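Chain and residue survey
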Amino acid sequence: MAKTPSFTCSACGARFSKWSGRCDNCGEWNTIAEEMPLSAGPALKSLGSRRGRAMELSDLGTEEAPPPRTTSGLDELDRVLGGGLVPASAILVGGDPGIGKSTLLLQAAAEFARKGLKTVYVSGEEASAQVRMRAARLGLTDAPVQLAAETNLRDILTTLETERPALAIIDSIQTMWADNVESAPGSVSQVRAAAHELTSFAKRIGVSVVLVGHVTKEGQIAGPRVVEHMVDTVLYFEGERGHQFRILRAVKNRFGPADEIGVFEMTGSGLTEVKNPSALFLSERGNPSPGSAVFAGIEGTRPVLVEFQALVAPSPHAQPRRTVVGWDGGRLAMILAVLEARCGIPFTGLDVYLNVAGGMKISDPAADLAVAAALLSAREDAALPADTVVFGEISLSGALRAVSQTENRLKEAQKLGFTSAILPRGGKTAANEGMKLTQMSDLSVFVGEIFGA
Ligand code: TYD
Ligand code: MG
């Protein structure tokens, strides 16, 4: 039977029967590439009743405790993993080229190895000597990590079979190739085949694997999105060029909370942990200025303080600009609409720019009120008090909704020297003595009290 090609989007994994410039499913451009099916043999038949038997949940046995997690000692990493590395788990670490994935994983490999976990670091991008040079720069040459520079999947599986490590790091999945797949390394078929082989092999012999994946939009190299479904945990390593800090974010985790973040700083001798990210994000804050509001947010399970900066200016354009960095543009439009419809404050004819200082991306819904505060402060040219944090969700009616973890947000603010907070009514605040709390139930009350409008 002749093999018929199919076309797959490297960004979202959708399949098509013909090529097109834009993926109908996710809307990305130039991400669709041809791939050949693995094999076109006869359809699979059942092997009879002895194989693939299902069992009762209660039969799985309760007396056997799950094997313990191993911690690396890098708290920022361990927390994002959900409290350490789970044995025989598959993890994908994605990120832009040059962001620091290899650095992070070499450091992690060294720490796990020092904890007694047998660790193999397979590099398909650099020769062993180069990896060793990097290790020297990071001060890790004494760590008992085994290095291999290989790209052929068969060789790697053989290495894993003979070495039987507890942890294998594959850097990167785009450089691996399986010789039974007829396409170039980095293509969707190769990436998918290599990821499938590695994860299923690792599960079978009880090895944890970390797959490194570059995220690029150029279609040339397949994005690791197609791999996300195959692994237990997906971590993204993010950061802005020109900023030193990097964020490791769990976007999927079978063994821990998603959305958890770890914060690192890239230095001349590798990545160092940032134990107090709020201090880092607020470090560049100068004197109180109009358009600035400090938001007491929660990222994953930890409180993080960041500064929202807004600029509102008369627009020379027929269609005023709405530019937002680090937050959701749709949400900004909603806040502007609520301010206009419920509080009578129009932004027509005004350009609006919103930015999260430091390049952090915020997804916490409690940011609404901080954004509204920054926008109003910019529009009225009146600075908010410097010692105040703001948080709360805004509904379409203009009501302020209580948000999760009020106490923790306030505690973090207090720790960083803030003495007052503006927040919605409701939510537990018992443990926040010494903090001046201004609690409100409606956005129009906020506008009246804070800006006298
Ligand atoms: P790298 O880990 O190679 O990125 P990736 O594997 O994601 O492509 O990191 C490359 C960048 O990090 C490079 O620009 C140099 C910088 N870097 C440091 O600033 N300090 C260091 O100690 C190391 C090893 C790298
Ligand atoms: Mg690398």
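Note that this is a predicted model, so its numbers are computed, not measured.

A short note on the UniProt feature "binding site: ATP" (unreviewed entry) in the protein
Here, UniProt's "binding site: ATP" (unreviewed entry) annotation points to Gly 95, Asp 96, Pro 97, Gly 98, Ile 99, Gly 100, Lys 101 and Ser 102. As for its placement among the helices and strands, Asp 96 is situated in the loop between strand 4 (90-95) and helix 2 (101-114). With 15 C-beta atoms counted inside 10 Å, the residue Asp 96 sits in the partly exposed group. The topology assignment puts Pro 97 in the loop between strand 4 and helix 2.

Considering the site of ligand 1
Around ligand 1, the structure places 15 residues, and the nearest of them are Gly 100, Lys 101, Ser 102, Thr 103 and Gly 270. Among the elements that take part in the shell around ligand 1, helix 2 stands out by supplying three residues, more than any other. A per-class count over the shell around ligand 1 returns four nonpolar, eight polar and three charged.

Overview of the domain arrangement of the protein
Annotation of the protein at the domain level lists domain 1 (1-37), domain 2 (68-275) and domain 3 (280-451). Computed over C-alpha atoms only, the centres of domain 2 and domain 3 are separated by 37 Å. Each partner contributes residues to the interface: domain 2 has eight residues there, and domain 3 has six residues. Of the residues contributing to the side of domain 2 that touches domain 3, the split by class is four nonpolar, one polar and three charged.

Let's talk about the packing of helix 8 (residues 329-343) against helix 11 (residues 443-451)
Across the interface, helix 8 lies against helix 11 with an axial gap of 10 Å and an inter-helix angle of 85°. With respect to helix 11, the element helix 8 is oriented roughly perpendicular. Together, Val 338, Arg 342 and Cys 343 of helix 8 and Leu 443, Ser 444 and Val 447 of helix 11 make up the contact between the two elements. Residue classes in the contact of helix 8 with helix 11 are distributed as four nonpolar, one polar and one charged.

Here's the deal with the nonpolar core
One finds Ala 109, Ala 168, Ile 170, Ala 194, Leu 211 and Leu 235 to be the most contacted residues of the largest nonpolar core, which totals 63 residues. The dominant element in this core, judged by the number of residues it contributes, is helix 2, at eight residues. Excluding residues that lie within four positions of it along the chain, Leu 211 makes contacts with Leu 92, Ile 170, Ile 173, Ala 195, Leu 198, Val 227 and Val 231. One finds Phe 281, Leu 354, Phe 391 and Ile 422 within the second-largest nonpolar core, a separate group that totals 54 residues.

The rules behind the values
- Residues numbered from 1 in each chain as written.
- Chains lettered and ligands numbered in written order.
- Predicted model: local features only at pLDDT ≥ 70, side-chain atom pairs only at ≥ 80, totals over all residues.
- UniProt positions renumbered as here; feature names shortened; annotations may be inferred.
- Helix = DSSP H or I, 4+ residues; strand = E, 2+ residues; numbered from the N terminus.
- Buried ≥ 20, exposed ≤ 12 C-beta atoms within 10 Å, placed from the backbone.
- Near = placed C-beta within 6 Å.
- Nonpolar A, V, L, I, M, F, W, Y, C, P; charged D, E, K, R; others polar.
- Domains from an automatic or database assignment.
- Contact = placed C-beta atoms within 7 Å.
- Axes fitted to C-alpha atoms, helices over the stretch in contact; angles between N-to-C directions.
- Parallel < 35°, antiparallel > 145°, perpendicular 65-115°, else oblique.
- Core = buried A, V, L, I, M, F, W, Y, C linked by C-beta atoms within 7 Å.

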